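# Examination of the molecular architecture
Here are the chains, one letter per residue:
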Amino acid sequence: MGDSCTLIVTFAPTSKGTFSDTLVLNYNNGRENTSVSLSLSGSSDDVTLAFSPNTFDFGHITSHQTVTQSFTVTNSGSKSVNLTSGLSGVSSPISITTSTCTSGSTLTASGGSCTFTLSFSPTQAGEVAQNPTLSYTDGVASKAIPLALSGTGIQSILSVSGSSSYSFDGVVSGDTSSHTFTLTNSGEAAAVLQTYSNGGVLGLSAPFSLTGGTCTSGASIASGASCTLIVTYSPTSNSNASG
């Protein structure tokens, strides 16, 4: 007399709404079969947390340049949520530059939001793919939403036609000899030719000089494009020279 037992009932809705049911326990009281019932009810709110955009490709970016993109996280559901962490899983060459999506922040129901900005600064050529997440709790369970990020670092690769060396053989002192070299960019990024201290594109000194061509100081050579350099050798003595 006076004994008891327990029942554990779990409520696990899979959609928003109000739910009801009746728990019926059949037993025999010693004289007859009978039952006891318990009316159950519960309601469920929906939580719809999403990135905008939820996927982003930073594109093909030249090494050591930076491109940024802003993102918004919005709660369009009917229940407020609390963020349990900031955006996690971001690593170089992608970085977080600004963020209001911090741990402990509350995104209110029906439109609460936060924002963050990411930067992509590749230091070498190659593809990058990352899938960071933002964690939150709806007061019942901890959850996370993923973000798909990608980008490609690109570089310029310049090469001179022929071998890496050229010999102006048999030129008599007082005469001149010229040769045209072709400079080709086989990389994905444009290459901008720099000016050397002597004012030319190449660091040449007498008896060598740059006398023409399309590879001028400041010229941009697009991917797959080329330009020319005309180098002239004008010896003033019968001796060997290199440059």
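Everything discussed here concerns the structure shown above.
So, a few notes on the structure that sits alongside this text. Within each chain, residue numbers correspond to sequence positions counted from 1 in written order. Owing to the predicted nature of the model, reporting of local features is limited to residues with pLDDT of at least 70; listing and counting of side-chain atom pairs is limited to 80 or more, with chain, interface and lining totals taken over all residues. Just so you know, side-chain values use all the structure's heavy atoms and leave hydrogens and water out.

## Side note on the sheet that holds strand E12 (residues 142-146)
Think of it this way: DSSP has to see at least two bridges between two strands before they count as a pair. Here a helix means four or more residues in a row that DSSP labels H or I, a strand means two or more in a row labelled E, and each is numbered from the N terminus. Taken in spatial order, the 4 strands of this open sheet run E8-E6-E11-E12, and their pairing is antiparallel. Where the open sheet ends on each side, the last strands, each with one partner, are strand E8 (106-107) and E12. Taken together, the 2 bridges between strand E6 (residues 81-83) and E8 define a ladder with antiparallel strand orientation. Within E8, the residue paired with asparagine 82 across the bridge is threonine 106.

## Topic: unusual backbone geometry
Residues serine 52 and proline 53 are joined by a peptide bond in cis, for which omega reads -5°. Structurally, proline 53 is set in the loop between strand E3 (49-52) and strand E4 (55-62). For the bond running from alanine 206 to proline 207, omega is 10°, close enough to zero to count as cis. Mapped onto the elements, proline 207 comes out in the loop between strand E16 (191-192) and strand E17 (208-212). You will see that histidine 64, though not glycine, has its phi angle at about 75°, which is positive. As for its placement among the helices and strands, histidine 64 is situated in the loop between E4 and strand E5 (67-75). Positioned with a positive phi, serine 110 is a non-glycine residue whose angle comes to about 60°. One can find serine 110 in the loop between E8 and strand E9 (112-120). Burial classes: relative accessible area under 20% of the type maximum marks a residue as buried, over 50% as exposed, and values in between as partly exposed (1.4 Å probe, protein chains only). Overall, the relative accessible area of 62% leaves serine 110 in the exposed class.

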